[in-house]
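This is what each chain is made of:
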Amino acid sequence: MRLAAWSTQGLHQPYSEFAAGEPCRACRRPLLNDLSPADRDAGNSTFRSEHGHCKLGFWAVEGCTTQHCHRCCPPPPLSPSQVRIVRRLLSAPAARRVHWRLELTCGHITSRDTANEYVAPATATCTACSSTRGVIRAVHDPEPAPPDADPGLPDAEVRIADSYQPLTDAQWGLVAQLVHPASGRRRGRPRRDARRVVNAIRYRAQAGIAWRELPREFGAWQTAARWHRELVLDGRWDKIRSVLAANTGKPRMSQDGNSGRTIAVPQAGDSTSVDLPSVVAVRQFTASIVQTSQRVYAISDIHGHLAPLLAALDLVDLDGDPGAELILLGDYVDRGTSSCQVLATIRSLQARHPRRVTALLGNHDDWLLGWLDGADDNLQWLLNDKNLITVKSFLTPLELAHALGHNDPDSDASALDGPTMNRNLKHAILSRHRELIAWLRELPRVHETDEHIFVHAGIDEDAGEHWRTATPKTMLTEKFPATTGPFMKTIVAGHVRTQTLHSDGSNTVFHDGESHWYIDGAVESTGRLNLLRYNVADGTYDECSLA
């Protein structure tokens, strides 16, 4: 609406006029040629008071601190070079083929041509195994694609892996009513082949592929993806998995919580970082060969609340209890006033007890790193940081004032345009806390022991024993909704507030009675932090809530 009004009133300025130093057509204040400090400060103060009712904030061109109103003043025009860049970004890409050299999960090497030079194939057909495999590593191969190659089709058609076994008639008979509960005569178009859809969901989990890469034999991938989401949301998929697991010999947790499965790592020790392949990228895991601890504690979703964390650490008592091990499940920042102090406390604790403290990455921690590494004009994270509560924990009041373009430590107002303020804040945090941020970047996303999988959000449980390669990187920190039911190992996670899982809406630790513990107690609203303890000797669990 404002764009139309600006155009009608002729307020949009051509670039030639802007480059010549002409003032804003709406307020007649300078866009490029700055005023003297005294005139500038007085003018900005008067201008802000006149436009305070607009409530959309103010902006300024980089290099000129004279402010303009977001509601009343149209933005400056793009330069010719910027126009060319935008036109190039929005134009259709040139038709070209990229030759990829792919290392597959089976250990074989193959190649594949695609039309996208930035996104590598997630799967490929292995000619040696004659089945679809996940891609561990993909590199550009200098060998060009043959000139007569069809640009519209890949050179290797994705097909159903030979090792995959669809549901038998007996298995389908057990789960058919769970997929389609009997509810009388149904109107409308006839249903799709429900059995084929369930087979598609199971195949996708086993092969570790994206939905859109389902073989054609399973029908439209959109149908399978939609059904999967509906089945997960109303709980039917957990029931289907439980029934199939009970009737197909799928590994389940024994009474003592140990499935007997171990993971080989390069050297011995309580906990060692190892790299395992993913179909998307290589990411860091931690694993334990031998469980040497007597008590394993888990905390999650601290969200900048230092006092509950310190209370939990007093109870864990790593300094006084040599048999204690602590695993932190991520989300250390945002929503609280002490995000930086929480990170520093955990880093110091890990330095003192490197083999007994494991810190994992959460989605809020990942978003903070994304903001620090992102473009200056991407203000999304900063806008979500209400009252700069997280940023303030990293900077002194005077450092914050300088980053905001003034010298008043008692003011949070910014005298700069958004991108400039964003750049200043990121630079100040990275300069002051370079080592702390570097430590945060190196945190793994999963910690696995003989009995447990510790993760911030969750894993792709539909993939069964192939979860390590099938779970996308973002699912480890952002999986939603929560999964319940049996799995081959006990999963301890945060991320999902337990009040959404308890029937009475309480914020205490949630256990589904099978293989899942969720411990996010919404500390930002309750002021309490859940602590889960696993007693190795007898396989029992204890829980408490700390303020």
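The rules we used
All residue numbers here refer to positions counted from 1 along the written sequence of the relevant chain. Residues qualify for local features only when their pLDDT is at least 70, as the model is predicted, and side-chain atom pairs are given and counted only at 80 or more; totals for whole chains, interfaces and linings, by contrast, use all residues. Side-chain metrics rest on all non-hydrogen atoms present in the structure, leaving aside hydrogens and water. Strands are labelled as partners when DSSP assigns at least two bridges between them. For the purposes of this entry, the term helix denotes a DSSP run of H or I that reaches at least four residues, the term strand denotes a run of E that reaches at least two, and both are numbered from the N terminus. Every axis corresponds to a line fitted to the C-alpha atoms, with the helix fit spanning only the stretch in contact, and the corresponding angles, defined between N-to-C directions, vary from 0 to 180 degrees. Two residues form a contact once any of their heavy atoms are found within 4.5 Å. Basic side-chain nitrogens of Lys or Arg form a salt bridge, by our definition, when they fall within 4 Å of a carboxyl oxygen of Asp or Glu. Three labels apply to residues, based on accessible area from a 1.4 Å probe with only protein chains included: buried if under 20% of the type maximum, exposed if over 50%, partly exposed otherwise in between.

A. Representation of the sheet that holds strand 11 (residues 357–359). Reading across from one edge, 11-10-9-17-18 is the order of the five strands in this open sheet, with mixed pairing throughout. Each of the sheet's edge strands pairs with one partner strand only, and the pair in question is strand 11 and strand 18 (540–546). Averaged over all adjacent pairs, the angle separating strand axes in this sheet is 20°, with direction ignored. With four bridges connecting them, strand 9 (residues 295–299) and strand 17 (residues 529–535) associate as antiparallel partners. In the sheet register, R295 faces strand 17, and the bridge partner there is N535. Its contacts with the sheet put helix 9 (residues 306–316) on strand 9, strand 10 (324–328), strand 17 and strand 18, and the angle it makes with strand 17 is roughly 20°.

B. Spatial organisation of the pattern of salt bridges. Under the counting rule described, the total for this entry stands at 17 salt bridges. One salt bridge connects R347 with E435, and the closest N-O pair in it is separated by 3.5 Å. Of the two residues, R347 is situated in helix 10 (residues 339–352) and E435 in helix 16 (residues 434–441); the sequence distance between them amounts to 88 residues. Look at R347 and you get partly exposed, because its relative accessible area is 30%.

C. Region of interest: the environment of H108. Among the secondary structure elements, H108 is positioned in the loop between strand 3 (98–104) and strand 4 (109–114). Linking H108 and C126, residues 18 residues apart in sequence, is a C-alpha distance of 7.2 Å. Not counting chain neighbours up to four residues away, the residues in contact with H108 comprise L102, E103, C126, A128 and C129.

D. Region of interest: unusual backbone geometry. Here the bond from F480 into P481 is cis, since omega is 0°, no more than 30 degrees from zero. Here P481 lies in the loop between helix 18 (473–478) and strand 14 (490–497). Phi at D301 takes a positive value of approximately 55°, unusual for a residue other than glycine. Considering the arrangement of structural elements, one finds D301 in the loop between strand 9 and helix 9. One non-glycine residue, N387, lies in the positive phi region at around 55°. If you trace the backbone, N387 turns up in the loop between helix 12 (380–384) and helix 13 (389–394).

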